[in-house]
Amino acid sequence: MIAAIIVAAGSGSRAGGSLPKQFATIAGRPMLAHSVAAFETHPLIDDLVVVIGAGQEGQARPAAGTARVVRGGPSRRESVANGLAAISADRVLVHDAARPFLPPAVIDRVLGALDLAAGATPVLPVADTLAHGAHRALGEVVSRKGLWRVQTPQAFHTGILRRAHAEWDGAQEATDDAQMVRRLGEAVALVQGDAMLDKVTHPEDFAMAEARMPWEWRSATGFDVHRLAVGEELWLGGVQVPHDRGLTGHSDADVALHALTDALLGTIAAGDIGTHFPPSDAQWKGAASHRFLTHAAELIATRGGQVTFVDLTLICEAPKIGPHRAAMQARIAELLRIDVDRVSIKATTTEQLGFTGRGEGIACQASATVRLPGGGQ
């Protein structure tokens, strides 16, 4: 059995901001949530524990997913020890929440190295010139030979890591668990790390982390039709449009928002509007369609995604869409929390052919483009 411990108990004071850095947002969701997702989706991980600081339960729970949450201690070493006390696996990985983008291949490499060693850590070679310096004056250059940048997750045989913690003399704080195991005289293997695992520490690191995020772009379409009838209000694109007839349906029958809702749901393969708001459910009778649209957008946001562009084509003989286009764009942009220039609205007729040509109803074709965290995140 293999367990993973994510250490997320720090105050994050060097990162600035009102939140501890592990709960600050990167690529649309809390930093901690990225590491949680990497372990949750890895086929070799059987148990996942997140170690948090005192009073952080409310911030941690939404980001922790299916992981168990335990209270940490005043130091990183004591927090890891608390995590170890909560697991029963024979192999364990220890990972810092401040390294949010964890490639599955790194997990594979550190676990594979345990066949021949007590522990394993991912590393990258030191590329920059290193030198001593004092009082703003350059000193002697330090040889880079044999120097490595140490990353996490680090993997261990659980019994050996527990012994390393139990026998730690406390004379100084350990910067990582690999050094504690090495102090026992046990071998810690070095495996290839990844630049995606660079640590987020200072305020400027957040922008760099966002830039490293492997985004996946998706597009989907939606289509809807509603009948025009006397005595109904006409809602199009979240705007009430003056007309002698309105669209009929179980909700307010906003054909534009319905088509757009289906397009957004399609980008995350979440079914269609009827899946989430069935016409057989009386609570949606006469409901404002903006509720359907914001629900779809929230599902995308929960996945760490962002709506980047939407395009709608309304198909009707009347009313004229041009006079209301700007208001529709503004309302949809407001609902999706995107800029107005990311909302395109067009209109066309069918040259008096078909039900729209005869003025019996209005149709809408919509497309949406979103970006979602990719690369196994």
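Structure: above.
Note that the structure is predicted; figures quoted are calculated from it, not measured. (Residues numbered from 1 in each chain as written. Predicted model: local features only at pLDDT ≥ 70, side-chain atom pairs only at ≥ 80, totals over all residues. Heavy atoms only, no water.)

Caption draft 1: Representation of the packing of helix H3 (residues 76-85) against helix H5 (residues 158-166) in the model. At a minimum axis separation of 11 Å, H3 and H5 run at an interaxial angle of 140 degrees. Judged by the inter-axis angle, H3 sits oblique to H5. Of the two possible hands of crossing, H3 and H5 adopt the one that is left-handed. Mapping the contact onto sequence places Arg-77, Val-80, Ala-81 and Leu-84 in H3 and Thr-158, Leu-161, Arg-162 and His-165 in H5. (Axes fitted to C-alpha atoms, helices over the stretch in contact; angles between N-to-C directions. Helix = DSSP H or I, 4+ residues; strand = E, 2+ residues; numbered from the N terminus. Parallel < 35°, antiparallel > 145°, perpendicular 65-115°, else oblique. Left-handed = near helix turned anticlockwise from the far one by under 90°. Contact = heavy atoms within 4.5 Å.)

Caption draft 2: Up close: the packing of aromatic side chains. Taken as a whole and judged by the stated rule, the model has three aromatic pairs. Taking 4.7 Å as the distance between ring centres and 85 degrees as the angle between the ring planes, the aromatic pair formed by Phe-277 and Trp-284 counts as edge-to-face. The buried category is assigned to Phe-277, whose relative accessible area is 12%. A ring pair is formed by Trp-284 and Phe-292, whose centres lie 6.0 Å apart and whose planes are at 80 degrees; its orientation type is edge-to-face. When its relative accessible area of 11% is taken as the criterion, Trp-284 is described as buried. Given the relative accessible area of 3%, Phe-292 is considered buried. Three or more aromatic residues joined by ring pairs form one cluster here, namely Phe-277, Trp-284 and Phe-292. (Phe/Tyr/Trp six-rings, centres within 6.5 Å; stacked < 30°, edge-to-face > 60°. Buried < 20%, exposed > 50% of the residue type's maximum accessible area, 1.4 Å probe, protein only.)

Caption draft 3: Spotlight on the nonpolar core. In this structure, Leu-236, Leu-314 and Leu-336 are the most contacted members of the largest nonpolar core, which totals 41 residues. Elements with a minimum of two residues in this core: helix H8 (255-267), helix H10 (290-302), strand E17 (306-315), helix H11 (325-336), strand E18 (343-348) and strand E19 (361-373). It is H8 that provides the largest number of residues to this core, a total of eight residues. Non-local contacts of Leu-336, meaning those with residues more than four positions away in its chain, are made with Leu-260, Leu-264, Leu-293, Ala-297, Val-307 and Val-310. Among the nonpolar cores identified, the runner-up in size contains 30 residues, and Ala-8, Phe-23, Leu-48 and Ala-155 belong to it. (Core = buried A, V, L, I, M, F, W, Y, C linked by side-chain atoms within 4.5 Å.)

Caption draft 4: Fine view of the sheet that holds E17. Ordered in space as E16-E13-E19-E17-E18, the five strands form an open sheet in which the pairing is mixed. Edge positions in the sheet fall to strand E16 (246-247) and E18, since each of these pairs with one other strand and no more. Relative to E18, E17 runs parallel, the two sharing six bridges. Its bridge partner being in E18, Ile-315 is matched across the sheet by Thr-348. Packing of H11 onto the sheet brings it into contact with E17 and E18, and relative to E18 it is tilted by some 140 degrees. (Pairing = 2+ DSSP bridges.)

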